[in-house]
Amino acid sequence: MSDRIELRGLRVVALCGVLPEERERRQPFEIDLDVEADLSSAGRTDDLDETIDYGQLCADVEAVAEKEQFGLLERFAQRIAEVVLAEPKVDAVTVAIRKLRPPVPQHLESSGVRIRRTK
């Protein structure tokens, strides 16, 4: 069974990129998480302790963005996946991360990656 908690549009600012200006100036990113876990007990009991605290997950992801620096979106997404998978009740996570101001001359709304990791 694979139930899912869906978190959409978490906005953070972070240092991520390989260009000199990307390594010095924080940029906006948007993150989506699909957190896979058995949610049946929470569904039966209506007890917050039986599910995953998505507020805490958001805080943990935000802390990664604030405290770490990345060259690649792939590494940024991997670190987020590692943090989410540290929650004991999580079986798997899909992380989608978008750079909202990619440094290209074309009109590009965002660039991003999507990864899925399991325990």
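In what follows, the structure referred to is the one given above.
Residues numbered from 1 in each chain as written. Predicted model: local features only at pLDDT ≥ 70, side-chain atom pairs only at ≥ 80, totals over all residues. Heavy atoms only, no water.

> Looking at this structure, how should I read the overall build of the protein?
In terms of regular secondary structure, the protein is built from 4 helices and 5 strands. Oriented by its inertia axes, the alpha-carbon framework of the protein measures out at about 50 × 25 × 20 Å. Burial analysis of the protein (119 residues in total) assigns 41% to the buried set. For the protein, contacts bridging at least 24 residues in sequence account for 62% of all contacts bridging at least 6. (Helix = DSSP H or I, 4+ residues; strand = E, 2+ residues; numbered from the N terminus. Buried < 20%, exposed > 50% of the residue type's maximum accessible area, 1.4 Å probe, protein only. Contact = heavy atoms within 4.5 Å.)

> Sorry, what's going on with the sheet that holds strand E5 (residues 111-118) here?
Hydrogen bonding along the main chain pairs the strands of a sheet, whether they run parallel or antiparallel. As summarised here, the arrangement of the 5 strands in space is E3-E1-E2-E4-E5, forming an open sheet in which the pairing is mixed. Single-partner strands in this sheet number two, and they are strand E3 (69-70) and E5. In the packing of helix H3 (residues 54-67) onto the sheet, contacts are made with strand E1 (3-16), strand E2 (27-37) and E3, and the angle to E1 comes to roughly 25°. (Pairing = 2+ DSSP bridges. Axes fitted to C-alpha atoms, helices over the stretch in contact; angles between N-to-C directions.)

> What exactly am I supposed to notice about a nonpolar patch on the surface here?
A surface patch of nonpolar side chains, about 260 Å² in accessible area, is lined by Val18, Leu19 and Leu72. Turning to its location among the elements, Leu19 is positioned in the loop between E1 and helix H1 (20-24). (Patch = residues over 30% accessible without salt bridge, like charges linked within 9 Å, V, L, I, M, F, W, Y side chains within 5 Å. Areas by Shrake-Rupley, 256 points an atom, 1.4 Å probe, with all protein chains shown as cover. Salt bridge = Lys/Arg side-chain N within 4 Å of Asp/Glu carboxyl O.)

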